[in-house]
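# Descriptive analysis of the structure
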Amino acid sequence: MAPWLTVVGIGEDGYGGLGKAARRALREARVVIGGERHLALLPRCIAAQRLPWPRPFALTPVLQRRGEAGVCVLASGDPMFYGVGASLAAQLPAAEMRVLSAPSSCALAAARLGWALQDVSTLSLVGRPLQALHPRLHDGARLLILSSDGHSPAAVAGLLTARGYGPSRLSVLEHLGGERERRLDGRAETWGEVQVAALNVLAVECLAGAQVPRLPLGPGLPDSAYRHDGQLTKRDVRAITLARLAPAPGELLWDVGAGCGSIGIEWMRSHPACRALAIEANSERQALILHNRDALGVPDLRLVAGHAPEALADLPAPDAVFIGGGVSLPGVLERCWERLKPGGRLVANAVTLQSEARLVAWRERHGGELSRIALAQARPLGDFDTWRQALPITLLEATKPWSPHE
Ligand SMILES: C[S@@+](CC[C@H](N)C(=O)[O-])C[C@H]1O[C@@H](n2cnc3c(N)ncnc32)[C@H](O)[C@@H]1O
């Protein structure tokens, strides 16, 4: 199908700032669908019907006109950057859409600040929880944040200060590219409740205060980063387990018998598109998972409260499964293997002889690799030091074969 839909990105400089192709598309349109603020920027010479987005927001007014001539959508800046163009592209083939972009708010912010856009981490708080910010906080990192409204900068300043990043430099950039453009600068720890316009981008130069705990990008966060009751896969074993699970962007993990959630959390921290389900039956541990997922910046990790294997029945098929608890429960290994996608990885850790025996028996039937992780740490013994051995872990790793029909 030839393009029937034109998505026009408009800046704060309005119709006057649009290029020829965008103006022409709007002049020839029969209907222009957009936010009320954007529709109000159109001059009288645009004869098309003006249709504001429904509340709650839905793409239906566009999708139900599929194939009609003269359908235009008006959006802010670059519609493919956290915009409605990106949402439409998820529903329609690219060949049906023509997108005429204006500079994005982040492109304008980078221009004002003299920051190279490719060196900056961009994220949106529009309809997204503030906690998603945590994995981006590193000393010296530069962030451009799409604010949800005028309260976002104060909320970000509060989170930065609570995490020990109080000295960070903040710049609020309001109404970029328009007559009302304004910049406000300050530090997170002294930001307070500064009044800012609802339309703003927040630029942050992260500066860690003294002795702020480092939360590195790689797997194996310090054990002290977690709130736990002792049921924590310890740092080194966690790093080995994550390496075996081998996350890739967009993949889904089941963390079965999740304990305090550390494996699912580090799986999701490895890439913003990684998803995880933490399956946990114990209500106190469920509360620990919810705390840890927010504190470590993966608020989208989903908790499945229930017992495996029953709780696994209706969950979406995973790309990888980790079984930390419940290895010896009847049916758990079998159900996980059954639901795992072809090519997916199953990793199970056992500490007791009984659960180890199950892993050995399971491997007899399905194959896989068994490893024994025996870590020791130097600890004082009188005036000397000796090795203190942690409980050894038996790790099973198996990759599900592709079936001959796939
Ligand atoms: C739904 S996102 C759309 C982003 C847009 N597609 C772009 O190219 O920037 C809306 C958010 O973008 C930011 N934004 C968009 N235009 C802006 C402008 N002219 N000045 C400041 N912020 C802007 C604000 O943070 C706003 O809440």
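My aim in this report is to walk through the structure given alongside it, one point at a time. Note that this is a predicted model, so its numbers are computed, not measured. (Residues numbered from 1 in each chain as written. Predicted model: local features only at pLDDT ≥ 70, side-chain atom pairs only at ≥ 80, totals over all residues. Heavy atoms only, no water.)

## Describing the sheet that holds strand β4 (residues 71–76)
- The strand order across the open sheet formed by five strands is β3-β2-β4-β1-β5, and the pairing between neighbours is parallel. Of all the strands in the sheet, just β3 (49–52) and β5 (97–100) have a single pairing partner and so form its edges. Recorded for the sheet is a direction-independent mean angle of 20° between the axes of neighbouring strands.
- With six bridges connecting them, strand β1 (residues 5–10) and β4 associate as parallel partners. Each residue of the ladder has a partner; that of Leu 5, found in β4, is Val 71. (Pairing = 2+ DSSP bridges. Helix = DSSP H or I, 4+ residues; strand = E, 2+ residues; numbered from the N terminus. Axes fitted to C-alpha atoms, helices over the stretch in contact; angles between N-to-C directions.)

## A short note on the environment of Ser 101
- In this fold, Ser 101 is placed in the loop between β5 and α5 (105–113).
- Taking relative accessible area as the criterion, Ser 101 reaches 46% and is therefore assigned partly exposed.
- Residues Ser 101 and Gly 77 lie 24 residues apart in sequence; the distance between their C-alpha atoms is 6.5 Å.
- Aside from chain neighbours lying at most four places away, what touches Ser 101 is Gly 77, Asp 78 and Pro 79.
- Side chain to side chain, Ser 101 and Asp 78 meet in a polar contact 3.4 Å long. (Buried < 20%, exposed > 50% of the residue type's maximum accessible area, 1.4 Å probe, protein only. Contact = heavy atoms within 4.5 Å. Polar contact = N/O pair within 3.5 Å; in protein donor to acceptor, adjacent residues only side chain to side chain.)

## Focus on the pattern of salt bridges
- Using the criterion set out here, one finds 19 salt bridges in the structure.
- In this structure, Glu 12 engages Arg 37 in a salt bridge whose closest nitrogen and oxygen atoms are separated by 2.5 Å. With Glu 12 in the loop between β1 and α1 (20–28) and Arg 37 in helix α2 (residues 36–39), this residue pair connects regions lying 25 residues apart in the sequence.
- You can call Arg 37 partly exposed: its relative accessible area is 40%.
- A salt bridge links Arg 128 to Asp 300; the nearest nitrogen and oxygen atoms lie 3.0 Å apart. Taken as a pair, Arg 128 in the loop between β6 (121–124) and β7 (142–146) and Asp 300 in the loop between α9 (283–295) and β13 (302–305) lie far apart in primary sequence, 172 residues in all. (Salt bridge = Lys/Arg side-chain N within 4 Å of Asp/Glu carboxyl O.)

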